[in-house]
Amino acid sequence: MASAQIRHFYNTPTTISSTTTRQPLLQQQQQLQQHTNNCNSKRKQFQSDTFLCHTQTQSESEAKAAGATLCQSTLAAAATTAKGAGATGARATATDDVQASECRQSWTTDEIAASNRNTQHRMRYPLAGSAATCDVATVPAARQQQQQQCLAPTATALAASTGTSEQDRLATSTCLSRLSSKVSQDSTKQQRKLFQHGATTRDSDASTSTAPAVSILMDMQKFARSIFPLVIIFNLLPLFYAGTFARVNQKQCDQTFVSRIGGPQNGSFSAPLLHNHRNHSRQCLYTFLAGPGQRVEVVFKSFNLRGSPPDGSAVGELPSCVHEYMDIYSEVQSSEPAELINSPFGGRYCGTIPPRRRISMYRAVAISFFSNKNVTTDLFEGTFRFINASEYEIGIPIAGSPCSYTITPSMSVNKTGALISPTYPGAYPKDMSCTYQFLGESNQRVRLEFRDFDLFFGGPHCPFDYVKVYDGPDNSSALIGTYCGQQRNLVLYSSESSLFVHFYTLSRTANTQNRGFKGIYEFSESFVKLDFIRENDGIHIRGSECDQKILSKKESTGFVLSPNYPYPYIPKTVCRYFIYGMQDAQHLERVRLEFNAFNIPKVEHKDKSESNCTDGYLKIYLKGQETADAYDKFDYELCGNETQRVISEGPRLAMVFSSGELQGRGFKGKYTFETEYKIPGTAAPDGTCSFTYVSNSKKRGELNSPRYPSNYPSDTNCSYLFLAEADEQVTIVFDHFKIKADNNANATAGAYGSGACFEDWLEMYVVYRDNNDRLLGRYCGQTAPGPVESPRGAVGLRITLHTDQESVASGFKARYFFESAKSDAGDCGGNFSNQDSGLITSPNWPAGYKAPGRGMASNACNWVMKARPGYKLSIHFEQFGLEGDPANRGCPAAVLRLWMNVDSDQPPMELCGEKPPVEQWHYTSTGQTARISFTTSDKTVGAQGFRIVWTEIQDSGPGPPSVGLHCESTYHFQCGAGYCISDKLRCDGVKNCGPGDDTDELHCTTEAAEEDYDVLIIITLLVVSSLICLLCILCHSRRNRRNHVRQLGLHRNAHYDSQTSATGFL
């Protein structure tokens, strides 16, 4: 309200009524209008000048020049505007020039002070608005309104620019304060001059002026001069408050740490203390600048920011670091803050897990901290130090790459040095490709040992970050290996004089913080020469000093030697030998090794429990332990002059030779690759597929086809021989069976027999003492043989497996048992001879047979039927039901074997399953003797069993008896089918004539009635006899009762007489 009254007062100078004064006042009004227009036109120019006040100065000279230019341009514009406005304007311009020099001096002083207090680099943001330049030489009557209009936007813009730096806001506020003060002083001077000019006019026109008006005017001018500075200060208070608050916060925010000669080379940093009561977002920049030949190392000691690390951003999840986070830039090439946009991003971090150590790629590290907290305190703390960069310059730099070098032996005295990743032990950068080329002399080899190796692991094939090592001068050489993740004891050798290493990191968003690697390299002529490997058909394993592998060429043979053999080997050398036989769908080999010469010095120990091979040794592994790195589980440890003959348990044999400190001549061994069948048992010494199982060696065990459960090889013949003691029998039970079957296999009786199996098959034989083998059967497909027992008097059993050159299958697996011999009849059964007919049933018929007792491998029942000379045997299966399925799985649990002629070499028939009721199983022997054997195993579950009727029939020559044959004697009965059976077999209730022929049971009614009458008579006689006996017994008991009563009466009478006599006497 007061400022409005002052402006109104200054805008009404026409209250002085004088013709002498009106003309200068009119000119002043015109000058005021012109100055107003000029002020508006200069507004945009002052925007740029004000922006210069907020631009960062690079040096003190630039700060001085910028300040002087700003103030000079501002005041000079005012002087130019007032030029030609009269004497009053000229004097005002002179006054402005004097004050401009004062403002220039004040600006320069403030800039120098601010520059000395803060040397850090900042990113600037222009002001939201700019103040227009107010001409300080305008007419005092219109100055008040214009300065309110010009300085108010300036203060508002400065108060709103929270992103400006401390020294810029300080310099700007200082300059504007001085400008406002100058405007106030100039206004007062112009009013004073105007008053003096009016006084002179009033003196000349005293007749037209009044004294009271002049007195009131002077009082009002005094009041205006006293209140005007207070109005200016009140309007600038928000500007000063904003500048002071920003100056306090900014002083605790951005920090720069520079390495100087003689200055500290380490220090600490921590989170700023920000009082952000208006909840504005704050971003602070920490800059670490190393000197020439230096790098920066930053380590975080504590870290506690809001949010959680954005680990999921690599797979499409939104990051969690939103309200508070820290961005790290360790590949900054320029110290300019604006260059952070062009620097590779080193990761964003929040939460409670601190970022890992950082080593700068060049000379600078920048850390940007963002927060929108009201108050920030104790968020993070860390240390920094400036380290020597020469550690990372490991060779001759290769142009075009910041981390690629060429290394030669001449670069160090002892031909060794350190190999280190670009920022080890700090987290290595992303999207980087570094190469290290090691070039030795012609007789040298290169050794590379990684003592620390930590790369991002993206999978076993290292598809992301990796280190590739090539056995040669560049990446076109043979690859030794690709490595990632964490590696331990990684030592690599070149085969010749050069080695090439490529370190690559992927450009990805995954927030990884792996260290990289650190190792040592060495050029040397003393490493093992590889001639002893090449000259003996070995293959040097790339990357090793002297490891080799030897591969079979199908039952091949060769030699293995110690390094430098036959001369003494080099001390402290470790070489590994991998001797591998063939292993594929058709071949499987094992390794036989025997030593021709062996000399490794050993140290004798008094304690026999300790190994004598404490210096040099040769360890042998026969079970493939090397595939699991189980080198501590060796099978043999050799030293001294001992030799050993070993055979691998599979296609692999490995050896580890350690020379120790004592020198020796070494060894020479001969290896032989033999076909491996993976069959338990005693193998033949000639390496063929022949295995023997002896009772006195093992009483029970397993056997299988070659390489079971894998497919057996083609074009193979294997033999399995089981030899029992004199009082023993051998039993074999099959658990799995699958032999390649032919298309014409008999589905009804099963795939067995020479007619069904003529490509791949399994045969079983009974072995007798005269080396006469009897065939039990030929099997193929899935028709498993039934359990078999060697008969009494046999030596044992033999199994043969034959495969052709075409398709294969999984083979078989079986068990064998050596048990005490049984009788000829077995556990049940019997011999039948000189009999007309007989009945054979399974044990416990018809309730069903059962499995063998506990501890028994099998039960066997053997029946032998022998006919009289000139006769044969008719065998008819009335009922039959055994577990098994001949067409699909054979008879593995229970089987019935039928020999139609025991004296011939024909194999028996094997029967199992169930006989359909409509089928008739009837067989006629081809000889005088037939045999039936029923065998069950420990796999038996149980079934109904069988009922078989055998009958002796008259022989009619070869083939079945002809119809119409006349029987030899009158006591024979001729069946309807033409067979002649004993006449005694008629009407015996058994159909002896065979299936479909019941003539022997016809016309048996009368005889049956007579037989029934005789039985009735006998029963009647028995009943009558029983009744007679019963009557006799009843009569006899009645007679006894009468005699007893009579005797009792006589006794009573005698007693009465004695009592009467005694009474009379009294």
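Residues numbered from 1 in each chain as written. Predicted model: local features only at pLDDT ≥ 70, side-chain atom pairs only at ≥ 80, totals over all residues. Heavy atoms only, no water.

### Comments concerning the overall build of the chain
Right, so step 1: Scanning the chain for helices and strands turns up 10 helices and 53 strands.
Right, so step 2: As presented, the chain carries roughly 53,000 Å² of accessible surface, and 52% of it is formed by carbon and sulfur atoms. (Helix = DSSP H or I, 4+ residues; strand = E, 2+ residues; numbered from the N terminus. Areas by Shrake-Rupley, 256 points an atom, 1.4 Å probe, with all protein chains shown as cover.)

### Notes on the pattern of salt bridges
Right, so step 1: Following the criterion strictly, the structure yields 34 salt bridges and no others.
Right, so step 2: The residue Glu759 makes a salt bridge to Lys740 at a minimum N-O spacing of 3.3 Å. Note that Glu759 is positioned in the loop between strand S36 (728-738) and strand S37 (761-767) and Lys740 in the loop between S36 and S37, a separation of 19 residues in sequence.
Right, so step 3: Owing to a relative accessible area of 25%, Glu759 belongs among the partly exposed residues under this scheme.
Right, so step 4: Residues Lys822 and Asp827 are paired through a salt bridge, measuring 2.8 Å at the closest nitrogen-oxygen approach.
Right, so step 5: Several salt bridges converge on common partners, so that one network encompasses Arg356, Asp452, Asp454 and Arg515. (Salt bridge = Lys/Arg side-chain N within 4 Å of Asp/Glu carboxyl O. Buried < 20%, exposed > 50% of the residue type's maximum accessible area, 1.4 Å probe, protein only.)

### Description of the sheet that holds strand S23 (residues 548-551)
Right, so step 1: If you walk across this open sheet you meet the 6 strands as S22-S23-S25-S30-S27-S28, and the pairing is mixed. The open sheet has two free edges, formed respectively by strand S22 (539-540) and strand S28 (636-638), since each of these has just one partner strand.
Right, so step 2: With 2 bridges joining them, S22 and S23 adopt antiparallel strand pairing. By the bridge assignment for S23, His540 is matched with Gln548. (Pairing = 2+ DSSP bridges.)

### Quick word on the environment of Ile981
Right, so step 1: Looking at the secondary structure, you find Ile981 in strand S53 (residues 980-982).
Right, so step 2: Under the relative-accessibility criterion, Ile981 is labelled buried at 0%.

### Looking at the packing of aromatic side chains
Right, so step 1: Throughout the structure, instances matching the rule amount to 53 aromatic pairs.
Right, so step 2: Consider the rings of Trp863 and Phe946, whose centres lie 6.1 Å apart with planes at 85°: the pair is edge-to-face. On the criterion of sequence distance, the pair formed by Trp863 in strand S44 (residues 858-866) and Phe946 in strand S51 (residues 945-954) is long-range, its members being 83 residues apart.
Right, so step 3: Trp863 gets classed as buried once you look at its relative accessible area, which sits at 6%. (Phe/Tyr/Trp six-rings, centres within 6.5 Å; stacked < 30°, edge-to-face > 60°.)

### Here's the deal with the state of the cysteines
Right, so step 1: Counted under the stated rule, the structure contains 11 disulfides.
Right, so step 2: Here Cys253 connects covalently by a disulfide to Cys284, the sulfurs 1.8 Å from one another. Disulfide Cys253-Cys284: torsion about the S-S bond near -110°, hence left-handed. Separated by 31 residues along the polypeptide, Cys253 in the loop between helix H8 (211-251) and strand S1 (255-258) and Cys284 in strand S4 (residues 282-289) bring together distant segments of the chain. (Disulfide = S-S within 2.5 Å.)

### Some remarks on the UniProt feature "transmembrane region" (unreviewed entry) in the chain
Right, so step 1: Taking the numbering used here, the UniProt-annotated feature "transmembrane region" (unreviewed entry) corresponds to residues 227-246 and 1015-1036.
Right, so step 2: Between the first and last C-alpha atoms of residues 1015-1036 the distance is 32 Å; the span itself is 100% helix and 0% strand. (UniProt positions renumbered as here; feature names shortened; annotations may be inferred.)

### Some thoughts on the pairing of strand S49 (residues 921-924)
Right, so step 1: Because side chains alternate across S49, one face comprises the buried residues Trp921 and Tyr923, and the other comprises His922 and Thr924, none of which is buried.
Right, so step 2: Where strand S45 (residues 871-882) and S49 come together, 4 bridges link them in antiparallel fashion. Its bridge partner being in S49, Phe877 is matched across the sheet by Trp921.

### Section: the confidence of the model for the chain
Right, so step 1: Per-residue confidence for the chain gives a mean pLDDT of 76; residues scoring 70 or more make up 69%.
Right, so step 2: Below pLDDT 50 for its whole length, residues 957-964 participates in 11 contacts with residues either more than four positions away or in separate chains. (pLDDT = per-residue confidence, 0-100. Contact = heavy atoms within 4.5 Å.)

### Some details on unusual backbone geometry
Right, so step 1: That bond from Tyr708 to Pro709 is cis: its omega, 10°, falls within 30 degrees of zero.
Right, so step 2: Mapped onto the fold, Pro709 is located in the loop between strand S34 (700-704) and strand S35 (717-723).
Right, so step 3: Following Trp845, the chain continues into Pro846 via a peptide bond in cis, with omega recorded as 0°.
Right, so step 4: Inspection of the secondary structure assignment puts Pro846 in the loop between strand S43 (837-841) and S44.
Right, so step 5: Located in the positive-phi region is Cys462, a residue other than glycine, with phi close to 55°.
Right, so step 6: Locating Cys462 in the fold gives a position in the loop between strand S16 (445-454) and strand S17 (466-471).

### Brief notes about the sheet that holds strand S2 (residues 266-270)
Right, so step 1: Pairing within the open sheet is antiparallel, and its 4 strands lie in the order S2-S11-S5-S8. This sheet does not close on itself; its edge strands, each paired only once, are S2 and strand S8 (358-359).
Right, so step 2: Strand direction decides the pairing type here: strand S5 (residues 294-303) and strand S11 (residues 380-388), joined by 9 bridges, are antiparallel. Note on S11: the bridge partner recorded for Phe303 is Phe380.

### As for the side chain of Thr936
Right, so step 1: Locating Thr936 in the fold gives a position in strand S50 (residues 929-937).
Right, so step 2: With residues up to four places along the chain from it excluded, the contact list for Thr936 reads Pro787, Tyr849, Lys850, Pro852, Ala857, Ser858, Asn859, Ala893 and Ala894.

### Some points on a nonpolar patch on the surface
Right, so step 1: Taken together, the side chains of Val1015, Ile1019, Val1023, Leu1027, Leu1030, Leu1031 and Leu1034 present a nonpolar region at the surface, about 630 Å² in accessible area.
Right, so step 2: Position of Leu1034 relative to the elements: it lies in helix H10 (residues 1005-1065). (Patch = residues over 30% accessible without salt bridge, like charges linked within 9 Å, V, L, I, M, F, W, Y side chains within 5 Å.)

### Things to note about a positive patch on the surface
Right, so step 1: Residues Arg1038, Arg1039, Arg1041, Arg1042 and Arg1046 make up a contiguous surface patch of positive charge.
Right, so step 2: Tracing the sequence through the fold places Arg1038 in helix H10. (Lys, Arg positive; Asp, Glu negative; His and termini not counted. Charge placed at Lys NZ, Arg CZ, Asp CG, Glu CD.)

### What to know about the environment of Leu618
Right, so step 1: Relative to the helices and strands, Leu618 is located in strand S27 (residues 617-621).
Right, so step 2: In the structure, Leu618 is positioned 41 residues away from Ser659 in sequence and 8.6 Å away in space, judged by C-alpha atoms.
Right, so step 3: Sequence-distant contacts of Leu618, defined by excluding residues within four places in its chain, comprise Phe595, Phe598, Ile600, Tyr636, Glu637, Leu638, Met655, Val656, Phe657 and Phe667.

### As for the environment of Tyr436
Right, so step 1: Topologically, Tyr436 is positioned in strand S15 (residues 432-439).
Right, so step 2: Note: C-alpha distance between Tyr436 and Leu499 (63 residues apart in sequence) is 8.4 Å.

### Topic: the side chain of Ser494
Right, so step 1: Position of Ser494 among the secondary structure elements: in the loop between strand S19 (490-493) and strand S20 (498-505).
Right, so step 2: By relative accessible area, Ser494 is classed as buried at 0%.
Right, so step 3: Side-chain polar atoms of Ser494 contact the backbone nitrogen of Val446, separated by 2.8 Å.
Right, so step 4: If sequence neighbours within four positions are ignored, Ser494 has contacts with Arg445, Val446, Asp471 and Leu499. (Polar contact = N/O pair within 3.5 Å; in protein donor to acceptor, adjacent residues only side chain to side chain.)

### A word on the nonpolar core
Right, so step 1: If you look at the biggest cluster of nonpolar residues, it comprises 37 residues, and the most contacted ones within it are Leu703, Tyr720, Phe722, Ile732, Phe734 and Ile799.
Right, so step 2: Apart from the residues within four sequence positions on either side, Ile799 is in contact with Leu703, Cys718, Ser719, Tyr720, Phe722, Ile732, Phe734, Leu762, Glu763 and Met764.
Right, so step 3: Residues Ile407, Phe453, Val467 and Ile480 belong to the second largest nonpolar core, which totals 33 residues. (Core = buried A, V, L, I, M, F, W, Y, C linked by side-chain atoms within 4.5 Å.)

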